[in-house]
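Read off the chains here:
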Amino acid sequence: MKHLRPFHVFLFLAVLFVSGAARGQYSQAYYHRTGDTIQFDSPIYFHNWWGYEAGYQQRRQYYLGVPWAHYLHAPAFGRKILSYCFTATPIKVIGLAAITPGFGWDRIRTYDSTFRQEYFYLYDADAAALRELAAVPWLVNDSARHIRVRGYDNRFTGSLPLEAIQKLDNTTCCGVTDWDITMPIHEYYFDSAITIQDSFYVGCSFLSYVSAEDDPVLAELYHKMPSPLYRMATAPHATVNCDGSYDPTGQAPDVCGFSWPSILFKHPYTPFANDPDTLYTDYHAIPLIFPIIMVDTTVPPADYCPPVNNLQVGCSGEDDDCVVATWDAFVNHTDGYELQYGRRNQSYDQWQSLFTPTNMAHICDMTPHFGYGLRVRPFCEDGSKSGDWLEIYYFKPNELPVGIDDGSDLARHTSLSPNPASGHVTVESHFGILAIDLYDPAGRHLANHPCGSRSATLDISGLAPGFYTVMVSTPQGTTPKRLIVR
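Once that is clear, we can look at the overall build of the chain. Broken down by element type, the chain carries seven helices and 25 strands. The buried share among the 486 residues of the chain stands at 49%. Entry remark: accessible area of the chain is about 22,800 Å², with carbon and sulfur atoms responsible for 51%.

This is the structure:
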């Protein structure tokens with residue numbers, strides 16, 4: 001084996017600990033979630049054409065709309081629509097997700113008053129022909145997550161809240177309207193992963209379509225059938241060009257135009273008998289349906305900001321009116337913590353608030369025999385996102401433990417020995433140790449020790465007797481350990 005310098009050994013061991021000890025442990029942060037809200041996009045969704053957030057930042061036009069019958073069936077197509085995708089490297093697809101309207105779609109009517117199951121589809125596109133890989137049944141009232149999407153455009157119509165529609169200028173495709181909305185997104189998982197490479201298609205069915213020739217009443221009510229929301233990049237009814245001139249054709253100017261490689265399948269009961277059964281075309285409607293792909297769940301999502309864990313309050317070892325609060329720091333807690341504390345008989349707005357960049361706070365000027373409450377929340381993503389407040393920790397300053405309990409998995413698998421100690425102390429963690437930091441009883445930082453192993457021995461012979469805090473950083477986060485020096 002090639003000789004490695006100490007720094008390279010450190011990196012190698014760090015990667016080894018992450019891949020070994022943390023295998024798949026953040027799966028619950030990626031998959032099978034309901035009720036939470038995705039901000040703009042998710043790493044588990046694969047799409048070639050998605051660009052709402054980038055378009056919003058770069059002031060490009062992006063349009064959302066609901067696929068009414070006169071769009072989907074203009075050339076008498078619409079039993080099924082598929083949109084083209086491509087991946088140069090293999091991906092493992094484990095399910096399909098789709099944004100669905102959720103705005104007033106409670107009255108669902110189907111052809112002949114008989115329910116027709118609707119589907120999401122995954123197709124392979126090899127050199128020979130299309131091949132269906134998966135067909136997932138879905139219902140509009142199934143449990144769902146939510147996704148926040150925003151863009152820059154003026155044609156945001158369909159079954160949307162009235163207040164959203166009222167903000168829009170629908171007279172031209174060249175308007176300047178910012179829109180921001182949260183919608184349901186359904187996720188359905190396969191029994192096993194499907195590996196895909198090169199060209200493939202995703203889409204949905206419209207089996208409940210009713211033509212006006214078959215039943216004019218039901219055809220009108222077809223607008224109430226469940227269907228995925230579409231990304232529409234054209235304005236088919238625009239009558240004003242970008243320069244303000246009138247366009248008698250009623251067609252969108254080129255600046256508004258966008259289409260995507262698609263496949264449309266004709267309804268068998270359409271009156272347009274001369275149209276082909278399957279049409280390959282660039283189409284202006286793109287169903288918001290995404291493959292759910294397998295990602296590396298050994299690392300947390302970038303937007304994952306969990307609450308703190310293992311909150312402990314102990315005596316500082318200095319004065320009776322001082323306490324030290326510590327908690328486990330998750331790896332995404334990159335921008336410090338807000339801590340609030342006050343007497344139990346006070347309301348929250350009377351509590352004091354402080355910010356700390358580390359997972360430790362030293363608090364003084366407390367009345368020893370009074371009851372206090374304390375809570376903490378983290379900040380992530382350059383301070384733009386905060387985690388939830390942890391449940392309040394109640395205590396009395398004169399009735400605190402001198403040590404810290406092993407209150408989390410990270411804490412239980414990290415230890416100091418011996419403790420109490422004099423001369424030397426050994427720090428161990430099953431997760432592997434990246435660094436060790438030492439703080440004195442007043443919370444002052446004394447030393448930092450980079451590491452790259454499962455254990456390390458610290459020389460503490462120069463420390464005065466008292467209570468110290470040892471912060472042990474691992475690939476899973478940082479946990480505090482209370483060290484008693486004799």
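Our next topic: the sheet that holds strand S14 (residues 323-328). One open sheet accounts for three strands, arranged S13-S14-S17; its pairing is antiparallel. This sheet does not close on itself; its edge strands, each paired only once, are strand S13 (309-315) and strand S17 (360-363). Pairwise comparison of adjacent strand axes, ignoring direction, gives a mean angle of 15 degrees for this sheet. Both S14 and S17 contribute to a ladder of four bridges, which runs antiparallel. Directly across from Val323, in S17, lies its bridge partner Ile363.

Within S14, six of the six residues are buried, which leaves the element mostly enclosed by the surrounding structure. Residues Val323, Ala325 and Trp327 line one face of S14 and the alternating positions Val324, Thr326 and Asp328 line the opposite face, and both faces are buried. Of the pairings in the sheet, the one linking S13 to S14 comprises five bridges and is antiparallel in character. Residue Cys315 lies in a different strand from S14, and its bridge partner there is Val323.

Quick look at the state of the cysteines now. Here the structure, examined in full by the defined rule, presents two disulfides. Covalent S-S linkage joins Cys305 and Cys380, the inter-sulfur distance amounting to 2.1 Å. Here the disulfide of Cys305 and Cys380 is right-handed, its torsion about the S-S bond being about 80 degrees. With Cys305 in the loop between strand S12 (289-293) and S13 and Cys380 in strand S18 (residues 372-380), the pair connects residues that are 75 residues apart, well separated along the chain. Take Cys305 and Cys380: they sit in the same class, and that class is buried. The partner cysteine of Cys322 in its disulfide is Cys364, sulfur to sulfur 2.0 Å. Residues Cys322 and Cys364 are joined through a disulfide that is right-handed, its torsion about the S-S bond being 110 degrees. One end of the pair, Cys322, is in the loop between S13 and S14; the other, Cys364, is in the loop between S17 and S18, and 42 residues separate them in sequence.

The final tally for this structure, using the stated rule, is 17 aromatic pairs. Ring centres of Trp327 and Tyr337 lie 5.4 Å apart, and the angle between their planes is 70 degrees; on these two criteria the pair is classed as edge-to-face. You can see Trp327 sitting in strand S14 and its partner Tyr337 sitting in strand S15 (residues 337-343), a full 10 residues away along the chain. Taken as a pair, Trp327 and Tyr337 share a single burial class, namely buried. Put simply, the rings of Tyr26, Tyr304 and Phe330 pair up and form one aromatic cluster. Sitting over the face of the ring of Tyr121, Lys80 holds its NZ or CZ atom 4.5 Å from the ring centroid. If you follow Arg344 out to its NZ or CZ, it ends over the ring of Tyr394, 4.0 Å from the centre.

Here Ser262 lies in strand S9 (residues 260-266). What makes Ser262 buried here is its relative accessible area of 2%. Setting aside chain neighbours within four positions, we find Ser262 in contact with Leu82, Ser83, Leu279, Tyr280, Thr281, Tyr283 and Ala285.

A word on the environment of Thr479. Along the chain, the position of Thr479 falls in strand S25 (residues 477-485). When the C-alpha positions of Thr479 and Asn359 are compared, they lie 8.3 Å apart, and in sequence the two are 120 residues distant. Look past the residues within four positions of Thr479 in its chain and what remains in contact with it is Asn310, Asp328, Leu410, Ala411, Thr414, Val470, Met471 and Val472. Only 2.7 Å separates the side chain of Thr479 from the side chain of Asp328, close enough to count as a polar contact.

Attention now goes to the side chain of Arg145. Residue placement: Arg145 occurs in strand S6 (residues 145-152). Side chain to side chain, Arg145 and Asp36 meet in a polar contact 2.9 Å long. Of note is the side chain of Arg145, whose polar atom sits 3.0 Å from the side chain of Glu187.

What counts and what doesn't
- For every chain, the first residue of the written sequence is number 1, and numbering continues from 1 onward in sequence order.
- Per-residue local features of the predicted model are confined to residues with pLDDT of at least 70, and side-chain atom pairs are confined, for both listing and counting, to 80 or more; whole-chain, interface and lining totals are unaffected and use all residues.
- Processing note: side-chain calculations cover all non-hydrogen atoms of the structure and skip hydrogens and water entirely.
- For the purposes of this entry, the term helix denotes a DSSP run of H or I that reaches at least four residues, the term strand denotes a run of E that reaches at least two, and both are numbered from the N terminus.
- Accessible area is worked out with a 1.4 Å probe on protein chains only. A residue is then buried under 20% of its type maximum, exposed over 50%, and partly exposed in between.
- A 1.4 Å probe and the Shrake-Rupley method give the accessible areas. Residues count as covered only by the protein chains that appear here.
- For two strands to be treated as a pair, DSSP must find at least two bridges joining them.
- For helices, the fitted axis covers only the stretch in contact; all axes are lines through C-alpha atoms, and the angles between them, taken along N-to-C directions, range from 0 to 180 degrees.
- By definition, disulfides here are pairs of cysteine sulfur atoms that lie within 2.5 Å.
- Any pair of Phe, Tyr and Trp rings, taking the six-membered ring for Trp, is counted once the centres come within 6.5 Å. Such a pair is stacked with planes under 30 degrees apart, edge-to-face with planes over 60 apart, and tilted for the rest.
- Sitting over a ring, as applied to charges here, requires NZ of Lys or CZ of Arg to be within 6 Å of the ring centre and within 35 degrees of the ring normal.
- For this analysis, residues touch if any pair of their heavy atoms sits within 4.5 Å.
- Polar contact is the term for a pair of N or O atoms within 3.5 Å; when the atoms are in protein, one must be able to donate a hydrogen and the other to accept it, and sequence-neighboring residues count only if both atoms are side-chain atoms.

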